[in-house]
Amino acid sequence: MKIGFIGLGNVGSKLAGSLLRNGVDLSVFDLNSQLVEKFASKGAGIGEDPAHLMRLCDLVITCLPSPAASNSVMQLMLPFVKEGKTWLEMSTTDDAEVRRLGAEVISRGGKAVDCPVSGGCHRANTGNISIFAGCDRATFEIILPLLTTMGRRVLHTGELGSASILKVITNFLATANLVSCAEALTVSKAAGLDLRNAYEAIRISSGTSFVHETESQVILNGSRDISFTMDLVAKDIGLFQAVADRENVPLDLNPLLIKVFEDGIKRFGSRELSPNIIKRLESVTGLDITAPGFPAEMIDKEPEEPGYEVKVNKV
């Protein structure tokens, strides 16, 4: 099977890297020619443009920064979709938009899947990231070997669009946790606690979480580098809010998070690293929320292992 990959950003480059590392017949495209050349030097084919990749490949993956970017790329590829072609949308995107574009693909005889990832760039880099897949079961069975090459845990979430909803739900939770960790660490410092002790106390307690055990470390190091920026957080929690509004669910916390990140973007810029949302508190308190002994980046220490489908126990 010939695979095309469009979008070699922070996440996409790592997912595509897992495919290439595991011997997949891969061709790539990105607006940044240097990223494409890097993959070509490792044996990947080069796509002239999205349309060329859809003509050339059996399956094309998109991993792009916004719904608008995905739509622009898909409009170039749709004329070349036919029976035997599959589109995998691995961007974090609007579920209504992925259903709309997926319907266009299916109407032309192709298959469509939304399969966003979760777990951080460090896990995408090692092939240990989690993947959600929204599509019919028959399509899922076909693409499962490919998904388990890119990720460790793969969950079939239901129909097309369901994976995208779950992705923004999990990103909402991660954002809420990031802001709460920032506040917890700042209060710890203000109270005169050793931040190394504070980190460890949270880690071994009921207050711990994936976000604390990863992002709190790079916050305390001072690098704040998780390869994710404030504008992307704002996009994701905005998509979550859109789902809630559509379903008439009144929310208290997410509108507050939206305001927090709007303020962060206004102060520090849209491309500021997302953990630097703590700078809002550092600037108003005059405190430096750093401590020695923490890593500058998140590194997945688990070895790359074959992925598998996560089975849901349905009574």
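Computed from a prediction, not measured in an experiment: that's the story for all the values here.

Caption draft 1: Structural view of helix H4 (residues 67-77). When H4 is considered as a whole, its buried residues turn out to be Ser70, Val73, Met74 and Met77. Across the axial projection of H4, the buried residues extend over an arc of 100°, all falling on one side. In the core, the buried residues of H4 are packed alongside strand E1 (2-6), helix H3 (50-56), strand E4 (59-62), strand E5 (86-89) and helix H5 (95-107).

Caption draft 2: View of the nonpolar core. One finds Phe5, Ile61, Leu147 and Met150 to be the most contacted residues of the largest nonpolar core, which totals 33 residues. Secondary-structure elements contributing two or more residues to this core are E1, helix H1 (12-21), strand E2 (25-29), helix H2 (33-40), E4, strand E8 (129-134) and helix H7 (137-150). Considering every element that reaches this core, the biggest residue donor is H7, with six residues. If we ignore the near neighbours within four places in the chain, the residues touching Met150 are Phe5, Leu15, Ser18, Leu19, Ile61, Met90, Gly127, Asn128, Ile129 and Ile131. Counting 26 residues, the second-largest nonpolar core is a separate cluster that includes Cys181, Leu185, Met230 and Ile237.

Caption draft 3: Quick look at the layout of surface pockets. Considered as a void within the structure, the largest pocket measures approximately 1100 Å³ in volume. In terms of lining residues, the largest pocket is bounded by 45 residues, among which Val11, Lys167, Asn171, Phe228 and Asp236 are the most central. Element by element, the count of residues in the lining of the largest pocket is highest for helix H8 (residues 162-190), at eight residues. Looking at side-chain class alone, the lining of the largest pocket contains 19 nonpolar, 19 polar and seven charged residues. Every residue lining the second largest pocket is counted, 16 residues in all, and those nearest its centre are Glu213, Thr214, Gln217, Ile299 and Lys301. Elements with a minimum of two residues in the lining of the second largest pocket: helix H6 (121-126), helix H9 (195-203) and helix H10 (210-221). With five residues, H10 is the largest single contributor of residues to the lining of the second largest pocket. For the lining of the second largest pocket, a count of residues per class yields six nonpolar, three polar and seven charged.

Caption draft 4: Here's a closer look at the pattern of salt bridges. In this structure the tally under the stated criterion is 22 salt bridges. The closest approach of N and O atoms between Arg99 and Asp95, which form a salt bridge, is 2.6 Å. In this pair, Arg99 and Asp95 both sit in helix H5, four residues apart, roughly one turn of the helix. The class of Arg99 is partly exposed, set by a relative accessible area of 28%. You can call Asp95 buried: its relative accessible area is 2%. Between Arg203 and Glu200 there is a salt bridge, with the nearest N and O atoms lying 2.5 Å from each other. Of the two residues, Arg203 and Glu200 are both situated in helix H9; the distance of three residues between them amounts to about one turn of the helix. Among the residues examined, Arg203 registers a relative accessible area of 34% and is labelled partly exposed. It is possible to trace a salt-bridge network through shared partners that takes in Asp95, Arg99, Glu159, Arg246 and Glu247.

Caption draft 5: Local environment of the pairing of strand E9 (residues 151-158). Both E8 and E9 contribute to a ladder of six bridges, which runs parallel. If you follow Phe132 over to E9, its bridge partner there is Leu155. What joins E8 to E9 is H7, and the crossover it makes is right-handed. Inspection of the sheet shows E9 paired to strand E10 (residues 308-309) by two bridges, in the parallel sense.

Caption draft 6: Summary view of the packing of helix H11 (residues 230-246) against helix H12 (residues 253-268). One way to put it is that H11 packs onto H12 with a least axis distance of 10 Å and a crossing angle of 155°. It follows from the interaxial angle that H11 and H12 lie roughly antiparallel. As for the relative orientation of H11 and H12, their crossing is left-handed in sense. For the pair formed by H11 and H12, the contact residues are Met230, Asp231, Val233, Ala234, Ile237, Phe240 and Gln241 on the first element and Asn254, Pro255, Leu257, Ile258, Phe261, Gly264, Ile265 and Phe268 on the second. Classifying every residue of the contact of H11 with H12 by side-chain character gives 11 nonpolar, three polar and one charged.

What counts as what
Residues numbered from 1 in each chain as written. Predicted model: local features only at pLDDT ≥ 70, side-chain atom pairs only at ≥ 80, totals over all residues. Heavy atoms only, no water. Buried < 20%, exposed > 50% of the residue type's maximum accessible area, 1.4 Å probe, protein only. Helix = DSSP H or I, 4+ residues; strand = E, 2+ residues; numbered from the N terminus. Arc of directions from axis to C-beta. Contact = heavy atoms within 4.5 Å. Core = buried A, V, L, I, M, F, W, Y, C linked by side-chain atoms within 4.5 Å. 1 Å grid on protein atoms, 1.4 Å probe; cavity = no way out; pocket = protein on both sides within 12 Å on 5 of 7 lines; lining within 4 Å. Points joined across faces, edges and corners; volume = space filled by probe spheres on them. Nonpolar A, V, L, I, M, F, W, Y, C, P; charged D, E, K, R; others polar. Salt bridge = Lys/Arg side-chain N within 4 Å of Asp/Glu carboxyl O. Pairing = 2+ DSSP bridges. Right-handed = clockwise from strand over helix to strand, strands pointing away. Axes fitted to C-alpha atoms, helices over the stretch in contact; angles between N-to-C directions. Parallel < 35°, antiparallel > 145°, perpendicular 65-115°, else oblique. Left-handed = near helix turned anticlockwise from the far one by under 90°.

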